Amino acid sequence: MTLTQLFIFFIIIQILHGLATWKLYTKAGRQAWEAFIPVYNAIVLMKIINRPWWWTILLFLPIVNLIMFPVVWVETARSFGKHSTTDTVLAIVSLGFYNFYLNYVADVTYVKDRSLEPRTSAGDWISSILFAIVAATIVHTYIIQPFTIPTSSLEKTLLIGDFLFVSKLNYGPRIPQTTLALPMVHDSIPKTKLKSYVADDNLKTKADSWKNKTLLPYLRLPGFQDIKRNDIVVFNWPVDTVTDFFSTPDRNHWKPVDKKSNYVKRCVGLPGDSLEVRDGRVFINGKQNELPDRAKLQFSYLVQPKTHQFNAKDLADRYGITDRFGIINDKNTYMFMSITDEAAEKFKNHPNVESITPIKEEKGVRDARIFPQNPNYNWNNDFFGPLYIPEAGKTIALNVDVLPLYKRVISEYEGNTLQVKGNQILINGVVSDTYTFKQDYYWMMGDNRHNSQDARAWGFVPFDHVVGKPVFIWMSWDQYGKPRWDRFFTTVGGSGEPVSYLIPSLILIAGLFGYNTYRKRKKANA
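Within any chain, residue numbers begin from 1 and follow the written order of that chain's sequence. Thresholds applied to this predicted model are a pLDDT of at least 70 for local features of residues and 80 or more for the giving and counting of side-chain atom pairs; totals over whole chains, interfaces and linings are not thresholded and use all residues. As a rule here, side-chain values come from all non-hydrogen atoms in the structure, and water together with hydrogens is ignored.

A few words on the pattern of salt bridges. Salt bridges are identified by distance alone: a Lys or Arg side-chain nitrogen within 4 Å of an Asp or Glu carboxyl oxygen. Using the criterion set out here, one finds 18 salt bridges in the structure. Notably, a salt bridge pairs R114 with E75, separated by 2.7 Å at the nearest N-O pair. On the criterion of sequence distance, the pair formed by R114 in the loop between α6 (98-104) and α7 (121-143) and E75 in helix α4 (residues 64-79) is long-range, its members being 39 residues apart. Judged on exposure class, the residue R114 and its partner E75 are both buried. Note that E276 is salt-bridged to R278, the shortest N-O span being 3.4 Å. Take E276: its relative accessible area is 19%, and that puts it in the buried class. Classification of R278 as partly exposed rests on a relative accessible area of 32%. Among the charged side chains, a network of salt bridges with common partners joins R51, E75 and R114. In DSSP terms, a helix is any run of H or I states spanning at least four residues, a strand is any run of E spanning at least two, and both are numbered starting from the N terminus. Only protein chains enter the accessibility calculation, which uses a 1.4 Å probe. A residue is then buried if its area is under 20% of the maximum for its type, exposed if over 50%, and partly exposed in between.

Next comes the structure, spelled out in structure tokens:
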């Protein structure tokens, strides 16, 4: 759906609302024309149904409005004396068209200053649950979202089993593109492989997404900071084609951007940067990238012990190696997947270690799995680039040699048609030797350089795929199901050792709970 289509749809809805309610407005002492004025008609309606004006905002928030519309339909009927279960069911099942019956057929009288208290305990319970869902949906969709660390790609900074709060406000909350979706559920309904949203899966590319009448165009509210180098960022996996997070990829399965699987990596390359990986280390514009002190690069090593009395697990625990290891040949050689530089130095000095050898690929030896998966680029995990990271508004020279790097950007992320005829490149049917980027792109990598599915495999992350910034670890469990108390209520950013704010947080929560209980008792006794 384009902005023009969205505007036309909005106007149609406003006209239908006016036609369905103008007589009800007049019975409530308002003017008939007020029912037809966009946005203003909603503010007036809130006065008619005796609800606060800010409910109007909720009616225009995607996903949240799926809950609020049925509430308003029911409240409208009750404001004109229709309280029965039948009236409630008809208001919801008819998708609000029950208002036409009230407006033109039913003999109704406006109930001014009606009581908003539920008439039964069940009604009170349902009302409380409903608005708890609304509040949680607003927080989850637009403010802060819980997230779990599933892999060890950012080991040492974020651990498997960390439960995060991801802020949507830092980089600006996105308006959901999928307007018809279950609240607080991602791409599939839990415990099933059923989609949690409504969208036309036959539309494969961004260029076709305007045809999907249930999708909104990409919109993002302003944030209060830009993505900085070395920020840890949660984003939608650009190449996601799985039907749900745990299934195998299907290259023919298309997803809306906001329903692609969530990933978390460190942003090492910003728009406009020239990035290169040399011997596993990132260089930006010719200078080695300096990571924050909490971040620790890890590489894979082969460890050859002097004797068979070699307790690999004990050494792994002693040196903080949390990733997998094992014997790989008959010489009792061990492979460790996540050794930091500090741990490698300790290994060298261990009396029972004969040798420790980094597992590195040679420069110029192509790994077919590495971006851009093209035989003209002999890149691998340890030697990659140099590569220009696209910046919005910047223009590059384009030819068939450069095209593999930016083919996906031009076609899938920016919605152009792309053809190659001999040495000619046609963009939207026009022969082109330059291209100007429409949005910013980022390069996301894991600190565990030999055990991370990151941008080296699938390329750039467009800004419209960015979800938010992890800011807080509220809970953490190790692989044995034991709590890591020292990680509860710690910040993700900052320098030095993480500090747990568990005790102050518990005191604050207890104080708020006590104050709320006191306020309710005081109100009840008043």
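A pair of strands counts as paired when DSSP detects no fewer than two bridges linking them. On the basis of which strands lie adjacent, the open sheet formed by three strands has the order β14-β15-β16 and antiparallel pairing. A strand with exactly one partner marks an edge of an open sheet, and here the two such strands are β14 (418-421) and β16 (430-431). Summarising the sheet, β14 and strand β15 (residues 424-427) pair through four bridges and their orientation is antiparallel. Within β15, the position partnered with Q419 by the bridge is L426.

What follows deals with the nonpolar core. To form a nonpolar core, buried Ala, Val, Leu, Ile, Met, Phe, Trp, Tyr and Cys residues must be joined to one another through side-chain atoms within 4.5 Å. With 44 residues, the main nonpolar core has L275, F384, L387, W443, W458 and F460 as its most contacted residues. Looking at which element gives the most residues to this core, the answer is helix α10 (residues 403-413), with six residues. By size, the runner-up hydrophobic cluster in this structure holds 33 residues, among which are A28, V44, A91 and Y98.

A few words on the environment of V353. Mapped onto the elements, V353 comes out in strand β11 (residues 353-358). Judged by relative accessible area, which is 6%, V353 ranks as buried. On a C-alpha basis, the gap between V353 and V303 in space is 7.1 Å, while along the polypeptide they are 50 residues apart.

Moving on, we come to the confidence of the model for the protein chain. In predicted models, pLDDT denotes the confidence assigned by the predictor to each residue on a 0 to 100 scale. Overall, the prediction assigns the protein chain a mean pLDDT of 86, with 91% of residues at 70 or greater. Across residues 244-250 the pLDDT falls below 50, and counting only partners more than four positions away or on other chains, this stretch makes twelve contacts in the model. Pairs of residues are marked as contacts when any of their non-hydrogen atoms sit within 4.5 Å.

The subject of this paragraph is the packing of aromatic side chains. Centre distance within 6.5 Å is the pairing criterion for rings of Phe, Tyr and Trp, where only the six-membered ring of Trp is used; planes under 30 degrees apart are then read as stacked, over 60 as edge-to-face, and the remainder as tilted. All told, the structure shown has 29 aromatic pairs when counted by the stated rule. Aromatic side chains Y377 and W379 sit 4.9 Å apart centroid to centroid with 70 degrees between the ring planes, which places their arrangement in the edge-to-face category. For the pair formed by Y377 and W379, the shared burial category is buried. With 5.4 Å between their ring centres and 40 degrees between their planes, F384 and W443 make a pair best called tilted. Here the residue F384 occupies a position in strand β12 (residues 384-388), and W443 occupies one in strand β18 (residues 441-445), the gap between them amounting to 59 residues. When its relative accessible area of 1% is taken as the criterion, F384 is described as buried. A relative accessible area of 0% means that W443 is categorised as buried. Three or more aromatic residues joined by ring pairs make a cluster, and in this case those are F371, Y377, W379, F384, Y406, Y413, Y435, F437, Y441, W443 and F460. The residue whose ring lies beneath R278 is F283, and the NZ or CZ to ring-centre distance is 4.1 Å. Put simply, a charge is over a ring when the Lys NZ or the Arg CZ is close to the ring centre, within 6 Å, and near the line of the ring normal, within 35 degrees.

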